Amino acid sequence: KASVLYSELKTIKAELAAATEATATAESALAAETVELSTAKKAAAVSALEFAIATEAVATAESALAAEKESAADAKAKLEAELDSAKAKLATAKVAAAASTPELTIAQEAAATAEFARAAKKSIIADATAKLEAELAFAKAELETAKERAAPNAV
């Protein structure tokens, strides 16, 4: 009877040792999962920050583009007014051309100069608008990238 009890005691000890080892393994796995969860939470926080930064960049670019478009519209209106003024001077000079040919030449040169300046300013405005639109597209692409990074890391 003692040998049976001793055998059962050895079995119980072996089962206890196996259970202790299984518990230690489970605790180790739980600790690893806790670290992974913490890392995922940190990655999600970083993604959220990147998303917020990209959103702000897009808003800033859109605001700058709107301001530049408004400025371009103002510049265009001013150029058109200058051109109209130059055309009016030219018309006046044409009326007076019979009396004075040099006045007509000066007025024509002024109108040509105003037209050239208007074309140059239009080109500058178009270049600035294209640059801002490219920056806006880039900022929007960064925002999409940040959104894509944030989506799989959300916890």
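Residues numbered from 1 in each chain as written. Predicted model: local features only at pLDDT ≥ 70, side-chain atom pairs only at ≥ 80, totals over all residues. Heavy atoms only, no water.

A. Focus on the overall build of the protein. Assigned secondary structure in the protein consists of two helices and zero strands. A principal-axis box enclosing the C-alpha atoms of the protein has dimensions of 145 × 15 × 10 Å. Here the protein holds 155 residues, and the buried ones make up 17% of them. Within the protein, contacts between residues separated by at least 24 positions form 82% of all contacts whose residues are at least 6 apart in sequence. With an accessible surface of roughly 11000 Å², the protein has 64% of that area assigned to carbon and sulfur atoms. When the 18 positive and 24 negative side-chain charges of the protein are each reduced to one mean point, those points stand 1 Å apart. (Helix = DSSP H or I, 4+ residues; strand = E, 2+ residues; numbered from the N terminus. Buried < 20%, exposed > 50% of the residue type's maximum accessible area, 1.4 Å probe, protein only. Contact = heavy atoms within 4.5 Å. Areas by Shrake-Rupley, 256 points an atom, 1.4 Å probe, with all protein chains shown as cover. Lys, Arg positive; Asp, Glu negative; His and termini not counted. Charge placed at Lys NZ, Arg CZ, Asp CG, Glu CD.)

B. Representation of the nonpolar core within the structure. If you look at the biggest cluster of nonpolar residues, it comprises nine residues: A54, V58, A61, L65, L132, L136, A139, L143 and A146. Elements with a contribution of two residues or more to this core: α1 (2–95) and α2 (101–153). In contact with L136, not counting residues within four places along its chain, are V58, A61, E62 and L65. Membership of the second largest hydrophobic core comes to five residues, among which are L90, A93, A107 and A111. (Core = buried A, V, L, I, M, F, W, Y, C linked by side-chain atoms within 4.5 Å.)

C. Seen up close, the pattern of salt bridges. In the structure shown here, the tally under the stated rule is six salt bridges. Between E80 and R118 there is a salt bridge, with the nearest N and O atoms lying 3.7 Å from each other. In this pair, E80 is assigned in helix α1 and R118 in helix α2, connecting sequence segments 38 residues apart. Residues E115 and R118 are paired through a salt bridge, measuring 3.9 Å at the closest nitrogen-oxygen approach. (Salt bridge = Lys/Arg side-chain N within 4 Å of Asp/Glu carboxyl O.)

D. Just α1, in detail. Its 94 residues place the ends of α1 137 Å apart at the C-alpha level, agreeing with the 140 Å of an ideal helix rising 1.5 Å per residue. The complete set of buried residues in α1 reads A44, S47, A54, V58, A61, L65, A72, L79, L83, A86, L90 and A93. (Expected span 1.5 Å × (residues − 1).)

E. Summary view of the environment of A44. Structurally, A44 is set in helix α1. Since its relative accessible area comes to 18%, A44 is described here as buried. Considered as a pair, A44 and A150 are 106 residues apart in the sequence and their alpha carbons are 6.1 Å apart.

F. Spotlight on the environment of K121. Tracing the backbone through its elements, the reader meets K121 in helix α2. With 30 residues separating them along the chain, K121 and A151 place their C-alpha atoms 45 Å apart. With residues near it in sequence (within four places) discarded, K121 still touches L79 and E82.

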